[in-house]
Structure formats: C-alpha cells, structure tokens
Amino acid sequence: MSAARSPVTAGAPPPPTYRPELHGLRGLAIALVVLYHVFMDRVSGGVDVFLFISAFFLTGSFVRRMEAGRPMAPIAYWARTFKRLLAPAAVVVLATLAAVRLFLPPSTWMPAIHDAIASMLQVENWLLIHRGTDYEAAATTATSPLQHFWSLSIQGQVFLLWPLLFALCAVIARRSRVAPRRVVLIAFTVIALASFAWSVVSTATQQQTAYFDTTARIWEFAAGSLLALLPTAAPADGTRSARTRRLRVGLGWAGLAVLISTGALIDGRSMFPGWIAAIPLLGATLVFLAGTSGSRLGADRLLRSRAFSFLGDISYGLYLIHWPILAIALVATEREAAGPLLGPAIIAISVLLAVLLTRFLDTPVRRWPWANRSPRRAGIVVVAVLAIGLVPSLGAKQLLEEAAEEAERRATADNPGARALDPGFVPHPEADPDAAPLPSAATLAQDWEHLPEECSGEFAPVEGMLEGSCRMTEAPEGAPVIIAAGNSRLAQTAVALSGPAQENGWRLIILRAPSCVFTPGIDSYLGAECDAHNDAALDYIDQVGPEAVAVSTTMVLHEGPERVDRVTEETVPALLADGTDVIALRDAPRIAENPVACLEAGGTVEDCTQPLERDTMPQQRPDAAVLEELAARSEEGDVGGDGGESGEVFPVDLLPITCPQDECPPIIGNIHVMFDEDHLTATYMESAGPETERQLEEAGFRW
C-alpha cells in the first residue's frame, strides 16, 4: 500500500524521476476508500488502485535490476518488504483484538482471533472465501473488524510470487538473448489475460468468492506491471507544445473523474472484481499517462498538493486503522451506518491514529539502519514481528478453547439442558449455581453438528459431492445404522439421535446439505446442485442399506404455517417398501429474534424468551394424518413393495422441549437452545437424547 524510494546503487541505472502526483494518487485512493466505507458502505475502487500502484513500483524496480544484469534476490526483497508491512499490521491486529474483547460480545471473539491469525499469515482473503462459501460460518459470523486485510493478504501473496516470476523471466531472457522487457511484457500479458478472463467468469458465477480470490485479482497487479514497462512520462515543460500540455491536462482530469465517480455510479459490492474493476484502473492509468502537465490547471497540481501528499504519507496506516474503528463502532452502538456525527468522528480518530502509527512505527521501521544493513537482519525482524502478532492470538485462542473444554467436562453437573424438563429431574449435588451456560461464548456461534468421524471405509460415499457433508459416530463393526439426511436444520435436530444410537450400539450417519431440503426426485428451489446432492444422498442410502433413515417430514418456512414436507410423497414410501424404518422428525421452530444477540445486549432469560406462534406450529404436527396413513399401509404391506416385510414409521416431536409451554426460552437447563433464529444448538440437542429415545421406544422402535 506504500512504496519507499530506494537508494541509488552504484553501477545500476537510476530509478525514474520521483513523481509526486502518483504519491498524491495514493492519497486520493485512500480518501475514497475511507469516505465510501464510512458514509456510503460501497466499494470505491480505491483498493484496486492500491493494488495497481504497488505492482507498478515493484515491477519498475525488478526490471531495472534485470536490465543491469543484477541478481533478482527475492529473499532480500521479501525480508525488506515484509519488515515494513508487518510491523504496523501487527500493532493494528493486536489493538483490534483488544477492542473486540472490550467492546464486542463474546460470540465475536473467536472469529476475530481466527481473522487475526489469518491476517498475520497473509491468508485473510482465503479465510473470508471459506466463510462465504461455508454456510455454517456465513450464517453466524458478522462483518469482521479485520476483514479489510483481504486486500493486504492478496498483496502479500503477490509480493511473494512476483519476485519468483521476475527471476524466471531473467533466466529466460538470459538464455534466449531476448530483451528483458520483452520477456516480462509477454509473461505478464499472458497472466493478465488469463486472470482477467477467469475474473469475468468467476464474478458472473460466484461473485462472493471472486471478490476475495487472488487468482481473480492478479490481473490488476499484472496491469500495473505492464504499465511500468512504458516509458516514464516526461514533464510538460516549455519545450512541449500547448497542444501536448492541454492533452495532459485533459487526461489527468478525465482520470480523476473516472476514479472518483466509480463508487458513486457502480454498485461494486455485487459487480467487482470482473471487467468492472477495469474502470478505476483506467482512471489511474490516465493519471499515469498525463504525468506532469506543467499547467496550473492540471490534475497533477491538485495531486501534488500538501493535502494529498499528506494522505499519501499515511495511506497504509489509514487503511489499516479506519476499518476496525468503523466496524467496532457500528456494532458497539448498534447502528447500521455511521451517520453525519459518528462518521466524521471515526475519520478524525482514524487520521490521528494513522499519523501516530506512521510517525512512530512505520517510518522508523522502514528506515531502521540496523535492519536495513542486510537481508538476514530484516528477516529477523519479520520473524520477530510475526511472533509478536501470532503468539497473543494463538494464546487467546487456546485459553478460550480450554475454558470451553472445562465447561464441557462439568456439563453433567452444571448443564443438564433438556434433562431439566424431565418431571423427575433432580439437580446434581455438585452443581455450580454460577456456572456459565453451554456452549461457551467462544464456540456458541459455531455450535453445529459435528459427529466425530468422516464417513470412511465401507461408509465412504461413492459420489464425490457428498465428501465433507457425511459424518458418523463410532460403532462396533456390523452395528445397525441410522442415516439422517437433510438440510442444516435437520442435521441439528438429528444430533438428538447420537446419544441413544451409541448407547444402544448403533451407528448414526448424518448427510447434511446446507439449505437443501431432502426431497430426492423433486425439483428444489435451490436448483440443480441441491437436486444432484439429494439424488446422491438417496444413492448413498441404497449403498449403505441402513436399518433406519431419519428425515424431516414437516417444514417450517420463514413465512406461513408449518406444512408437510414433500419427502413424504415418494421417498418415505419407497424406504418403507424396501423394509427400512423411517424416523419422522418434526422440523425445528423458527423464532423472530436472535436469542444470543438479545442476551448479549443485556437481556435476561425472561426478557429474551419468545412466544411460540401456534398459528405457525400448531399443537398437532401437520403430518400426523400422513404418517398414520403410511403406518397403516405399512402394516398392511401396501406401500408398493414386492411382498417383503415393510419398514415402520416412528414419529419424533421435540418441539415440547425446545419451546415448552408455548414459549421458546434462550436457555434451558443452563444450555443455549438456539444460536440464531433458525438453528438449534448441537449441545442442547445432545441433551435431548433421553427424550428422543423415550419417544422412539414409546412408538415401538426396536434398538
């Protein structure tokens, strides 16, 4: 995000004349980033200009080395570059973690720690991609105060890759006796075209992933590298014609107009980084080509001004600092936008802290004589800074995990969960009345079903698309099997089967497809991918041949009453006809307000208890008549079978223990019942095992 002027080395061609308008362009870019983030919550294109400029300076340095016949020395470059970049980053990361701990709710702590570790290791963009494509993470994680490290991570990855590419180009140029610039031109043209093509395709098909994808962004760096191969724009002095001067003035202002208007006219959050990202880069290119106009009316005169030079000086620090302050302030004040009062305050504080960070850390580290004396010393600084940034983050992560494990060890005494609703329940004599509820604050937002083993061996799916969505419990060889198939809500409910299954020597397998209701043979609203997953799941059931299959036979949508799930139309009768028992689980409730957010805002259990809407979920489950009919047909052998023994239907309704007495409390038996509006916690459903077993045995299920 910033580039220091390198000293001239004896015997090497001098670097191009320092161009203060490019330094000012960097200042304009950071100003746009901050203003659009704070006041408009939109993408400005300023980050794209940062990436573009960084590649421009990097390329010029390496090409001059190639042309002078000097070694590329990538290790020395890495040590020098990351020495400068990581020190301010480590301070901001640790300060952000401290602010998260002080001002944000506990459910945000662990995600912030993961972001801190990824940011220091230059892989935050890949973590965000995982979050965005991972339904479980995306459903429970708010905007991270360290999310802006995505672009710095991409930049860091390019800073690792580019020197290797230049080293390769140098070898090719030397052996082929082709001019180094020509080799670099060909190599980076190929990279730019390939990455640009992929960016357009990826943005059109998976924009949320493409936005953070290094391979979809590399063309922006390659474009900056190609621009660096052009001759440096000479000043438009008195020897230049008035026409040339006017042309430069026009190019400069056109470039600024394009750059400034990008964020205002284009909804970048849904369109970047495909072809649309070429627009701010076009604006920056026009400024590059305009160079120094020599006119009082030139855009370069504005960019050379003290204000933009000042912003250029603090651009790296301002980029690092402004986003955490904005994100934490909005969450802490429960606002969606900064507004006319908070916004200017955020900007003023960010500028002040950026000045301090630049003056007292960034500049001293960059100019540190001892560290600059050799690559080895610079490398020592890099390792030390990484340790300073990572050790506290890893330590905090370890402490939160140990606290969660300790709470789980005492769960039997302190956290009975659904068992507390049993009429004969007696509290444990060693129960701690002040024990924290489970799941712990660190793990609550991610308390998803996670059975101990991946499906492997004879239970490994043949279909590749089921990999990662199939997990199972431990069981003896040859143990009977229950397969639960459905979306994430079904998977959470099915956790209630894990305890009874293990206690009775059965194996539970859960096939989960986020948001994808299990209706094989019936087109889903999610489209072809969900339909294919459902078909693969049904094939897997045929492959394993389980004794029982658990599915949701009702469905609760965000609007409207609970209804009979379409799985009862074909799939359930077919399973019964094959002699497979069906455990008919009732769908979980949906509630109006996130119970965790309510508690973290200071509400009590009573304050955060929400009424069960009986218009949505009536006393009697809506599939009762369908299940009775299927049970009767099964007893008569009239479910379409070939004369063999039919399976049986066993209804399980856990609504009475998730929303007892028509109320849905956030905590029962010192265990959180739901971690958002739509999902039960796996911990609570584990505690529902005895009630699940009771209902199954009452319905005649034979273990």
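Note that the structure is predicted; figures quoted are calculated from it, not measured.

### Some words on the nonpolar core
Thinking step 1. Counting 115 residues, the largest nonpolar core has Leu-25, Trp-162, Phe-166 and Phe-288 as its most contacted members.
Thinking step 2. Every residue in contact with Trp-162, bar those within four places of it in the chain, is listed here: Leu-58, Thr-59, Phe-188, Ile-191, Ile-218, Phe-221, Ala-222 and Ser-225.
Thinking step 3. Core analysis: the next-biggest nonpolar cluster, separate from the first, contains 43 residues, Leu-451, Ala-484, Trp-506 and Phe-650 among them.

### Side note on the state of the cysteines
Thinking step 1. Enumeration according to the criterion identifies four disulfides in this entry.
Thinking step 2. Sulfur-sulfur distance for the disulfide between Cys-598 and Cys-608 comes to 2.0 Å. On the sign convention where negative means left-handed, the S-S torsion of about -85° between Cys-598 and Cys-608 marks this disulfide as left-handed. A residue pair is termed long-range when its members are at least 10 positions apart, and Cys-598 in helix 24 (residues 595–600) and Cys-608 in helix 25 (residues 605–608) qualify at 10 residues. The exposure classification of Cys-598 matches that of Cys-608, with both residues buried.

### Points about helix 18 (residues 375–409)
Thinking step 1. With 35 residues, helix 18 ought to run about 51 Å at 1.5 Å a step, and its terminal C-alpha atoms sit 49 Å apart, in line with that.
Thinking step 2. Residues of helix 18 that are buried sit in contact with helix 3 (74–103), helix 4 (109–120) and helix 17 (369–372).

### So, helix 2 (residues 46–67)
Thinking step 1. The terminal C-alpha atoms of helix 2, which comprises 22 residues, lie 32 Å apart, in line with the 32 Å expected from a rise of 1.5 Å per residue.
Thinking step 2. Burial analysis of helix 2 places 18 of its 22 residues in the buried class, the great majority of the element.
Thinking step 3. Backbone geometry just after helix 2 places Gly-69 at a positive phi near 75°.

### Side note on a negative patch on the surface
Thinking step 1. On the surface, Glu-463, Asp-535, Asp-539, Asp-542 and Asp-578 cluster together into a negatively charged patch.
Thinking step 2. Mapped onto the elements of the fold, Asp-542 is located in helix 22 (residues 528–544).
Thinking step 3. Note on Asp-542: relative accessible area 53%, which makes it exposed.

### A few points about the packing of helix 10 (residues 242–265) against helix 12 (residues 278–290)
Thinking step 1. Following both chains from N to C, one finds helix 10 and helix 12 inclined at 155°, their axes separated by 7 Å at the closest point. With respect to their mutual orientation, helix 10 and helix 12 come out roughly antiparallel. Considering only the axes of helix 10 and helix 12, their crossing is left-handed. Contacts between helix 10 and helix 12 involve Arg-248, Leu-251, Gly-252, Ala-254, Gly-255, Leu-256, Val-258, Leu-259 and Thr-262 on the former and, on the latter, Ile-279, Pro-280, Gly-283, Leu-286, Val-287, Leu-289 and Ala-290.

### Let's talk about the side chain of Thr-681
Thinking step 1. Within the fold, Thr-681 resides in the loop between strand 13 (671–672) and helix 28 (682–687).
Thinking step 2. For Thr-681, a relative accessible area of 0% corresponds to the buried category.
Thinking step 3. At 2.6 Å, the side chain of Thr-681 forms a polar contact with the backbone oxygen of His-672.
Thinking step 4. Dropping the residues within four chain positions of it, Thr-681 is found in contact with Pro-439, Leu-444, Asp-447, Gln-492, Ile-671, His-672, Val-673, Met-674 and Phe-675.

### Topic: the pairing of strand 4 (residues 507–512)
Thinking step 1. By the criterion of burial, strand 4 is predominantly enclosed, with six of the six residues buried.
Thinking step 2. Residues Arg-507, Ile-509 and Leu-511 of strand 4 are buried on one face, and the alternating residues Leu-508, Ile-510 and Arg-512, pointing to the opposite face, are buried as well.
Thinking step 3. Bridging between strand 2 (residues 470–472) and strand 4 involves three bridges; their strand directions are antiparallel. From the neighbouring strand, Arg-471 faces strand 4, where its bridge partner is Ile-510.
Thinking step 4. In terms of strand pairing, strand 3 (residues 481–486) meets strand 4 through six bridges, oriented parallel. Across the sheet, the residue bridging to Gly-486 is Arg-512, located in strand 4.

### Quick notes on a nonpolar patch on the surface
Thinking step 1. On the surface, Ile-349, Leu-352, Leu-353, Leu-356 and Phe-360 cluster together into a nonpolar patch covering about 480 Å² of accessible area.
Thinking step 2. Turning to its location among the elements, Leu-352 is positioned in helix 16 (residues 339–367).

### Topic: empty space enclosed by the protein
Thinking step 1. Scanning the entire structure with this criterion turns up five cavities of 30 Å³ or more.
Thinking step 2. A volume near 70 Å³ is recorded for the largest cavity.
Thinking step 3. If you list the elements that add at least two residues to the lining of the largest cavity, you get helix 3 and helix 7 (149–176).
Thinking step 4. The dominant element in the lining of the largest cavity, judged by the number of residues it contributes, is helix 7, at four residues.

### Considering the sheet that holds strand 5 (residues 548–552)
Thinking step 1. Here we have seven strands laid out as an open sheet, ordered 1-2-4-3-5-8-10, and mixed in their pairing. Edge positions in the sheet fall to strand 1 (453–454) and strand 10 (649–652), since each has one partner strand and no second.
Thinking step 2. Bridge count between strand 1 and strand 2: two bridges; the pairing is antiparallel. Residue Glu-454 lies in a different strand from strand 2, and its bridge partner there is Arg-471.

### Some words on the pattern of salt bridges
Thinking step 1. All chains considered together, the criterion is met by 19 salt bridges.
Thinking step 2. Residue Arg-566 is joined to Glu-569 by a salt bridge in which the shortest nitrogen-to-oxygen separation is 3.6 Å.
Thinking step 3. With a relative accessible area of 47%, Glu-569 lands in the partly exposed category.

### As for the confidence of the model for the protein
Thinking step 1. Residue-level pLDDT values for the protein average 90, and 93% of them are 70 or greater.
Thinking step 2. Low pLDDT, under 50, characterises residues 1–16; the stretch is placed with 25 contacts to residues that sit more than four places away or in other chains.

### Observations concerning the packing of helix 3 against helix 16
Thinking step 1. Helix 16 packs onto helix 3 with a crossing angle of 150° between their chain directions and a minimal axis gap of 8 Å. Judged by the inter-axis angle, helix 3 sits roughly antiparallel to helix 16. When the axes of helix 3 and helix 16 are compared, the crossing they make is right-handed. Side by side, helix 3 and helix 16 meet where Lys-83, Arg-84, Ala-87, Pro-88, Val-91 and Val-92 of the first sit next to Leu-357, Leu-361, Asp-362, Val-365 and Arg-366 of the second.
Thinking step 2. Its residues assigned to classes, the contact of helix 3 with helix 16 comprises seven nonpolar, no polar and four charged.

### A closer look at the packing of aromatic side chains
Thinking step 1. On inspection of all chains with the given rule, the structure shows 20 aromatic pairs.
Thinking step 2. Relative to Tyr-77, the ring of Phe-62 lies with its centre 5.2 Å away and its plane at 65°, an arrangement referred to as edge-to-face. Remark: Tyr-77 occurs in helix 3 and Phe-62 occurs in helix 2; sequence separation between them is 15 residues. Each of the two residues, Phe-62 as well as Tyr-77, counts as buried.
Thinking step 3. The rings of Phe-62, Tyr-77, Phe-159, Trp-162, Phe-166, Phe-188 and Phe-221 are connected pair by pair, giving a single aromatic cluster.
Thinking step 4. The ring of Tyr-211 is capped by Arg-217, whose NZ or CZ atom sits 4.8 Å from the centre of that ring.

### Some details on the environment of Ala-513
Thinking step 1. Topologically, Ala-513 is positioned in the loop between strand 4 and helix 22.
Thinking step 2. Dropping the residues within four chain positions of it, Ala-513 is found in contact with Gly-486, Asn-487, Ser-488 and His-533.

### Section: the environment of Tyr-684
Thinking step 1. With respect to the helices and strands, Tyr-684 occurs in helix 28.
Thinking step 2. Counting along the chain gives 162 residues from Tyr-684 to Ile-522, while the straight-line C-alpha distance between them is 32 Å.
Thinking step 3. If near-sequence neighbours (up to four positions away) are discounted, Tyr-684 is found in contact with Gly-417, Ala-418, Leu-421, Ile-657, Thr-658, Ile-668, Ile-671, His-672 and Val-673.
Thinking step 4. Here Ile-657 takes part through its backbone oxygen, which lies 2.4 Å from a polar atom of the side chain of Tyr-684.

Parameters at a glance
- Residues numbered from 1 in each chain as written.
- Predicted model: local features only at pLDDT ≥ 70, side-chain atom pairs only at ≥ 80, totals over all residues.
- Heavy atoms only, no water.
- Core = buried A, V, L, I, M, F, W, Y, C linked by side-chain atoms within 4.5 Å.
- Buried < 20%, exposed > 50% of the residue type's maximum accessible area, 1.4 Å probe, protein only.
- Contact = heavy atoms within 4.5 Å.
- Disulfide = S-S within 2.5 Å.
- Helix = DSSP H or I, 4+ residues; strand = E, 2+ residues; numbered from the N terminus.
- Expected span 1.5 Å × (residues − 1).
- Patch = residues over 30% accessible without salt bridge, like charges linked within 9 Å, V, L, I, M, F, W, Y side chains within 5 Å.
- Areas by Shrake-Rupley, 256 points an atom, 1.4 Å probe, with all protein chains shown as cover.
- Salt bridge = Lys/Arg side-chain N within 4 Å of Asp/Glu carboxyl O.
- Lys, Arg positive; Asp, Glu negative; His and termini not counted.
- Charge placed at Lys NZ, Arg CZ, Asp CG, Glu CD.
- Axes fitted to C-alpha atoms, helices over the stretch in contact; angles between N-to-C directions.
- Parallel < 35°, antiparallel > 145°, perpendicular 65-115°, else oblique.
- Left-handed = near helix turned anticlockwise from the far one by under 90°.
- Polar contact = N/O pair within 3.5 Å; in protein donor to acceptor, adjacent residues only side chain to side chain.
- Pairing = 2+ DSSP bridges.
- 1 Å grid on protein atoms, 1.4 Å probe; cavity = no way out; pocket = protein on both sides within 12 Å on 5 of 7 lines; lining within 4 Å.
- Points joined across faces, edges and corners; volume = space filled by probe spheres on them.
- pLDDT = per-residue confidence, 0-100.
- Nonpolar A, V, L, I, M, F, W, Y, C, P; charged D, E, K, R; others polar.
- Phe/Tyr/Trp six-rings, centres within 6.5 Å; stacked < 30°, edge-to-face > 60°.
- Lys NZ or Arg CZ within 6 Å of the ring centre and 35° of its normal.

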